[in-house]
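Breakdown of the fold
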Amino acid sequence: MTRLVLVAALALVAALALVAAVAPAAASEQRPTAAELESELVCPVCDSTLDTSNAEIARRMKTFIRTRIAAGDTKSEIKAKLVDQFGPRVLAVPPRKGFDWLAWLLPLAGIGVAAAVVGAIAWSWSRGHAAAAAPDEPPLDPEQERRLDDELDRFE
Amino acid sequence: MSGRLRLGGQVLAVGVVVALLGLLIWKVAVGNDNAVTKSLAQGKPIRGPEFTLPYLRGTGELEFASLRGKAVVLNFWASWCGPCKDETPLLQKGWQRWQGKDVVFVGIDAKDFRGDARAFVERFGVTYPNVYDGKGSMVGRYGVPAFPETFFIDRSGKVVYRIAGPVADDAELDEAIARALARS
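Predicted model, so just to flag it, every value in this text is computed and none were measured. (Residues numbered from 1 in each chain as written. Chains lettered and ligands numbered in written order. Predicted model: local features only at pLDDT ≥ 70, side-chain atom pairs only at ≥ 80, totals over all residues. Heavy atoms only, no water.)

Once that is clear, we can look at the overall build of chain A. Check the secondary structure of chain A and you find six helices and zero strands. Counted from the first residue to the last, chain A has its helices and strands arranged as α-α-α-α-α-α. In chain A, buried positions account for 18% of the 156 residues. By sequence separation, contacts in chain A at least 24 residues apart represent 48% of the contacts at least 6 residues apart. Accessible surface for chain A amounts to roughly 11300 Å². Of this, 66% is attributable to carbon and sulfur atoms. (Helix = DSSP H or I, 4+ residues; strand = E, 2+ residues; numbered from the N terminus. Buried < 20%, exposed > 50% of the residue type's maximum accessible area, 1.4 Å probe, protein only. Contact = heavy atoms within 4.5 Å. Areas by Shrake-Rupley, 256 points an atom, 1.4 Å probe, with all protein chains shown as cover.)

With that settled, the discussion passes to the side chain of Thr37 of chain B. All names here are of chain B. Position of Thr37 among the secondary structure elements: in helix 2 (residues 35-41). Polar side-chain contacts of Thr37 include one of 3.2 Å to the backbone oxygen of Gly143. Setting aside anything within four residues of it in sequence, one finds Thr37 in contact with Tyr142, Gly143 and Arg162. (Polar contact = N/O pair within 3.5 Å; in protein donor to acceptor, adjacent residues only side chain to side chain.)

What follows deals with the state of the cysteines. Residues and elements named next belong to chain B. Under the defined criterion, the tally for this structure stands at one disulfide over all chains. Across a sulfur-sulfur distance of 2.1 Å, Cys81 and Cys84 are joined as a disulfide pair. The S-S bond linking Cys81 to Cys84 shows a torsion near 90°; that makes this disulfide right-handed. Both residues of the pair, Cys81 and Cys84, belong to the buried class. (Disulfide = S-S within 2.5 Å.)

The next thing to look at is the packing of aromatic side chains. Following the criterion strictly, the structure yields 13 aromatic pairs over all chains and no others. Measuring from ring centre to ring centre gives 5.1 Å for Phe51 of chain B and Phe64 of chain B, while their planes differ by 35°; the resulting arrangement is tilted. Placement of the pair is Phe51 of chain B in the loop between strand 1 (46-47) and strand 2 (52-54) and Phe64 of chain B in the loop between strand 3 (61-63) and strand 4 (71-77), with a sequence separation of 13 residues. Taking the centre distance of 6.5 Å and the plane angle of 75° together, the rings of Trp95 of chain B and Tyr128 of chain B count as edge-to-face. One end of the pair, Trp95 of chain B, is in helix 3 (residues 82-98); the other, Tyr128 of chain B, is in the loop between helix 4 (114-123) and strand 6 (130-133), and 33 residues separate them in sequence. Like Tyr128 of chain B, Trp95 of chain B is buried. Members of the aromatic cluster, each reached through a chain of ring pairs, are Phe64 and Phe86 of chain A together with Phe113 of chain B. The ring of Trp98 of chain B is capped by Lys101 of chain B, whose NZ or CZ atom sits 5.9 Å from the centre of that ring. Lying across the ring of Tyr161 of chain B, Arg179 of chain B places its NZ or CZ 4.0 Å from the centre. (Phe/Tyr/Trp six-rings, centres within 6.5 Å; stacked < 30°, edge-to-face > 60°. Lys NZ or Arg CZ within 6 Å of the ring centre and 35° of its normal.)

Honestly, it's all geometry; don't read function into it.
Have a look at this one:
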């Protein structure tokens, strides 16, 4: 019974966490702010995000963003309109599609490979230490031990 | 096992280095950014990078190759560019002077809102053809660091001269066009 309550509580916490994570994203998509869009878009002339650029084209893009927000466009729609004008390089973060997937997958693959290499090296080292700690020769059998003790006794 | 692991790691490391080296060689050999600017700096005319871009106004596309047989004044500009506002009336006057004399003016509006660019050409009464390159794909191919910049191309399609920044006056424009016509 206790276990059942625990599982139910964990499921509830997980569901709440999921809602907490998804709800702001959905709200941001439907009602984006100029500040968040300006941090997610790049000035095509100076290659820095709009919020840090004071270039004339960046100022025009900011005006465009505010106009489209006032008109009720979603975040995706505003981004799509700017990509249509300036190309995908205005996106600060590459989209998760086609060739651009590489930008997302390569760092993960790099982390995976690095973890595998570190793990393999650690495993190799631990085996080496174990081998060094273990004696190379097999232990003596009881008969040999008895004879060795006898020999040693003779010297005492 | 340890030896094989070490060998695998070494092969992987060498592979990564070779791949990065290959990428660098490819970029140097194939990447042609600034090729036009570099060649002109050495006094060598160079074939102008080909393009097919949509007209800023109206429909259809302009193909660079279709301009062969005429000297071309290729002007990179944007509506947000301050010096372009000073230069455009001078270019329009030049176009009126040279029109029908085996010379064609072409404006490439780059990294710009199409609507702003259309308003710009309306405002300045520009009548020579303009194409739209919002992504700025030709900016890198021609090695344009800033707007405006104007290239002068002979009848065979080779870039013979460039003016970085706004064209100063009629005399500078006419002299550059004469260079392009003289080479043909």
